[in-house]
Amino acid sequence: MNYREAVKQFKQENRKLYDQEVDYWTAQLAWAGFVDYLCKDGQITQKQFDTWETPFPYGKHLKKPRLV
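Topic: the overall build of the protein
Move 1: If you tally the helices and strands in the protein, you get four helices and zero strands.
Move 2: Its helices and strands in sequence order give the protein the pattern α-α-α-α, from N to C terminus.
Move 3: Relative to its full complement of 68 residues, the protein shows a buried share of 32%.
Move 4: A sequence separation of at least 24 residues applies to 69% of the contacts in the protein between residues at least 6 apart.
Move 5: A total of about 4,800 Å² of accessible surface is found on the protein, and carbon and sulfur atoms cover 50% of it.

As C-alpha cells, this is what we get:
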C-alpha cells in the first residue's frame, strides 16, 4: 500500500471525522492509530510507518474529503 491509497482508505473509513469537522489533534490521533494498525497488519513497512505524515493541515478543522 502506498501513502495515497492509505489516505483514501483513511478518509473512507473515518468519514465521521470529516462530517463532524473535528480538530487537528483528534484527527492526528485517529491517523496514528490507523497507520499503526496498517503496520502491525503487514500492509505497510516500518519505514512507511515512521515517515508518513498526517494528510491534513495543522491547526485546521477537517472538511469533508475530496476522494481522489
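Thoughts on helix H1 (residues 3-13)
Residues that lie three or four places apart on an α-helix share one face, since the helix turns once every 3.6 residues.
Move 1: Of all the positions in H1, only Ala 6, Val 7, Phe 10 and Lys 11 are classed as buried. One side of H1 carries all its buried residues, which in axial view fall inside an arc of 130 degrees. With respect to the buried face of H1, the exposed residues turned more than 90 degrees away are Arg 4 and Glu 13.
Move 2: Two or three places before Arg 4, at the opening of H1, Asn 2 has a side-chain oxygen 3.1 Å from that residue's backbone nitrogen.

A word on the packing of aromatic side chains
Move 1: The tally for this structure, following the rule as stated, stands at five aromatic pairs.
Move 2: Ring centres 5.4 Å apart and planes at 75 degrees place the aromatic pair Tyr 3 and Trp 52 in the edge-to-face group. Here Tyr 3 is found in helix H1, whereas its partner Trp 52 is found in the segment after helix H4 (46-51), with 49 residues between them in sequence.
Move 3: Owing to a relative accessible area of 16%, Trp 52 belongs among the buried residues under this scheme.
Move 4: The structure contains a cluster of three or more aromatic residues connected by ring pairs, namely Tyr 3, Phe 10, Trp 31, Phe 34 and Trp 52.

Each value, and the rule that gives it
Residues numbered from 1 in each chain as written. Predicted model: local features only at pLDDT ≥ 70, side-chain atom pairs only at ≥ 80, totals over all residues. Heavy atoms only, no water. Helix = DSSP H or I, 4+ residues; strand = E, 2+ residues; numbered from the N terminus. Buried < 20%, exposed > 50% of the residue type's maximum accessible area, 1.4 Å probe, protein only. Contact = heavy atoms within 4.5 Å. Areas by Shrake-Rupley, 256 points an atom, 1.4 Å probe, with all protein chains shown as cover. Arc of directions from axis to C-beta. Polar contact = N/O pair within 3.5 Å; in protein donor to acceptor, adjacent residues only side chain to side chain. Phe/Tyr/Trp six-rings, centres within 6.5 Å; stacked < 30°, edge-to-face > 60°.

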